[in-house]
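Secondary and tertiary structure notes
Here's the letter readout for the chains.
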Amino acid sequence: MGQGLGGLGVDEEALVSALGKWRHQPEKRAQLRKSFAGFFTADGGFERFEDDYIHYLKIEFARFKNIMVLWAMHPWERDARWANDVLHKAHPFDIIVEIACTRSSEELLGARIAYHALFHRSLEEDVAYHVRENFSNLLVGLVSAYRYEGDSINEEMAKSEAKTLGTAIKSAGVRNLVENGEVIRILTTRSKPHLRVTFKYYREMYGKSIEEDLGDELCLQETVQCLDSPPKYFSKVMDETLKDGADKNTKDALTRVIVSRADVDMEEIKAAYHEQYGAQLEDVIAMKTLGNYRDALLSLVGQ
Amino acid sequence: MASLKVPATVPSPSEDAEQLRKAFEGWGTNEALIISILGHRTADQRRAIRQAYRQAYNEDLLKSLDGEISGDFERVVLLWTLDSAERDAWLANEAVRKWRPGNRVLIEIACARSSKELFAVRQAYHSRFKRSLEEDVAVHTTGDFRKLLVPLVSAFRYEGPEINLTLAKSEAKMLREKISDKAYNHEELIRILTTRSKAQLVATFNHYNDAFGNPVNKDLKSDPKDEFLAALRATIRCICCPERYFEKVIRLAINGLGTDENALTRVIATRAEVDLKVVAEVYQKRNSMPLERAIKGDTSGDYEAMLLALLGQGA
């Protein structure tokens, strides 16, 4: 049974074969319970299953079910459900930034349409109401955007806005950077091609990437990463999710990212992962996951 | 109810296009013909005429019109002929470029259109101006106005009838608090006005009136010169009672000395296929005079004729 557990997902085959091997041998099962002291505690006359571990197993067994359900779902509905979950269960808000910034303008509109249909409220209304932290206005702006998607860029404007961002960052601490009107305006309304050029000028002017300079403002840093290069951002998320000791929310990112990006930029994410961490994403996934869940992930990630 | 009147039998789009071409040929322009055609066609029909005209003459109908007519008449014909999303995008762009605090166009477009219509405007804005509506509004406005207008034009309000009474009560209380503190630009006030569904807001304002004895707009009149308060009041009126809002715009445009042709044109062109008939009824009640008579008194020539056509005369 140890083989069947211990990663993300469960090795269904190994577990089923254990069932078969131990037919009519209750003493084998008793031995199992005694040898997995962490999972079971002696209580009265029997070894009781720890509640935490029942919960843990539920989650791990459900990974395959979750990925199949999410894969079959319309991308608009997926995004709407993830957003709604985040807002009502107070998960980290980076998922909102992810959805708002890595989807195309039409996909984000789609998520907003699905949100109406599913929850009978607007996405921005729920974000505005449930997010009480100082980055509330930033998030509302991000989810409300309908960015122009053409290539035409005003170079002078990009230069001047790089300077505006730089000035705001240098003088931050006087007022919270994430509430700065100009920072919010630029990041929540400008087109992505324009922003990439702006970030390029920023690096030229200040010698560091804007990402680095935003190191202390996680919400802003993530916003910039998602807008600048989703593959690089997602490869970072992959690295976190596959590390040992990752918490539940971080582990859930594996399903979310693979399912939502499989048809979009999986190849670019794999390339970025390889460049940043020197390993093949498929290999690391294969090592850290089990059973049907692993097979589903690897099918989506592609060879 | 729309005021637009379309004849029982309508020529084909190519016939209409041909007639319009004839209106431009030779010396001078046959304005009456232009009015008799364009002034009595629905949006779909006008779109088909533009298409047929382009196919037949290799030019956009609007470009031809631009060369032939001018002034207020041209403005009303041009605005009227455009699709409603294109029209709103054009009006929004003009408002943004010529922005001043008393400008109401962006508020009207954001609040007196349905969520889908507002999104269509944003799409039309992309196509025409190669930028997003919200980016232009953000760059051309500042301070409290930017705080209000950017979320207004970016909203995609839920459009269902559901109302949460508990929420309506608590948000009415919140509004009352902020208004009493004169914190008119407070985040909570802006949040409520710019994100809640129209049904929810109507319920909230009704509760405000019940609980505090005053309509919310009355409490927003503390300083008659404050343009931001006026903008808030306009937002609320456009959401709650657009016909009364537009009646007032027309009344201010034509009553008294002089005429604000741009405002008059804007209301007539944008509401003729929506609720101009109701607006005209409200006007008559409020001013003891039919709107047509007031317009006849304040405008003249082809401009007057086009406005009256859109009000349903002479189909």
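Just so you know, these numbers come straight off a predicted model, no measurement behind them.

Some thoughts on the overall build of chain B
For chain B, the count of helices and strands is 20 helices and zero strands. On the principal axes, the C-alpha backbone points of chain B span a range of 65 × 45 × 35 Å. When the 315 residues of chain B are sorted by exposure, 53% land in the buried category. Pairs at least 24 apart in sequence give 70% of the contacts found in chain B among residues at least 6 apart.

Quick notes on the environment of B:Lys116
All names here are of chain B. Within the secondary structure, lysine 116 sits in helix 8 (residues 115-129). Spatially, the C-alpha atoms of lysine 116 and leucine 276 are 20 Å apart, while their sequence positions differ by 160 residues. Every residue in contact with lysine 116, bar those within four places of it in the chain, is listed here: Phe156 and Glu159.

A closer look at the domain arrangement of chain B
Residues and elements named next belong to chain B. You can read the domains of chain B as domain 1 (13-69), domain 2 (85-154), domain 3 (165-225 + 232-240) and domain 4 (243-310). When each unit is reduced to the centre of its C-alpha atoms, the spacing between domain 2 and domain 3 is 22 Å. Contact residues are listed per partner, giving eleven residues for domain 2 and ten residues for domain 3. Of all residues in domain 2, the largest losses of buried area upon contact with domain 3 belong to Cys111, Lys147 and Leu148, amounting jointly to 49% of the total for that side. At the junction of domain 2 and domain 3, the tally comes to zero salt bridges. Applying the counting criterion to the domain 2 and domain 3 interface returns four residue pairs in polar contact (both at pLDDT 80 or more). Every element with two or more residues in the side of domain 2 that touches domain 3 is listed here: helix 7 (105-111) and helix 10 (143-154). Counting residues per element, the side of domain 2 that touches domain 3 draws most heavily on helix 10, at five residues. Taken together, the residues of the side of domain 2 that touches domain 3 sort by class into six nonpolar, no polar and five charged.

Observations regarding the side chain of B:Ser3
Residues and elements named next belong to chain B. Mapped onto the elements, serine 3 comes out in the segment before helix 1 (13-24). By relative accessible area, which is 3% here, serine 3 ends up buried. Beyond its immediate stretch of four places on either side in the chain, serine 3 contacts Ala272, Leu276, Lys277, Leu310, Leu311 and Gly312.

Examining the UniProt feature "binding site: Ca(2+) 3" (unreviewed entry) in chain B
Residues and elements named next belong to chain B. Here the UniProt feature "binding site: Ca(2+) 3" (unreviewed entry) sits at Asp298. Tracing the backbone shows aspartate 298 in helix 19 (residues 291-298). The residues contacting aspartate 298, other than those within four sequence positions of it, are Ile254, Gly258 and Thr259. There is a polar contact of 2.4 Å between the side chain of aspartate 298 and the side chain of threonine 259.

A closer look at the interface of chain B and chain A
Accessible area lost on assembly of the parts is the figure often given for the size of an interface. Taken together, the contact pairs 26 residues of chain B with 27 residues of chain A. A combined buried area of about 2,400 Å² lies between chain B and chain A, and 55% of that area is made up of carbon and sulfur atoms. Three residues, B:His126, B:Phe156 and B:Tyr158, lead the burial of chain B against chain A; their summed loss comes to 25% of the area buried on that side. Taken together, chain B and chain A are joined by four salt bridges. Ionic pairing is found between B:Glu135 and A:Arg190, a salt bridge with its closest N-O pair at 2.6 Å. Along the contact surface separating chain B from chain A lie 18 residue pairs in polar contact (both at pLDDT 80 or more). Of all the secondary structure elements, the ones that give two or more residues to the side of chain B that touches chain A are helix 8, helix 9 (133-140), helix 10, helix 11 (165-180) and helix 12 (187-195) of chain B. Among the residues making up the side of chain B that touches chain A, the classes are represented as seven nonpolar, six polar and 13 charged.

What counts, and where the lines are drawn
- Residues numbered from 1 in each chain as written.
- Chains lettered and ligands numbered in written order.
- Predicted model: local features only at pLDDT ≥ 70, side-chain atom pairs only at ≥ 80, totals over all residues.
- Heavy atoms only, no water.
- Helix = DSSP H or I, 4+ residues; strand = E, 2+ residues; numbered from the N terminus.
- Buried < 20%, exposed > 50% of the residue type's maximum accessible area, 1.4 Å probe, protein only.
- Contact = heavy atoms within 4.5 Å.
- Domains from an automatic or database assignment.
- Buried area = accessible area lost by both parts, 1.4 Å probe.
- Salt bridge = Lys/Arg side-chain N within 4 Å of Asp/Glu carboxyl O.
- Polar contact = N/O pair within 3.5 Å; in protein donor to acceptor, adjacent residues only side chain to side chain.
- Nonpolar A, V, L, I, M, F, W, Y, C, P; charged D, E, K, R; others polar.
- UniProt positions renumbered as here; feature names shortened; annotations may be inferred.

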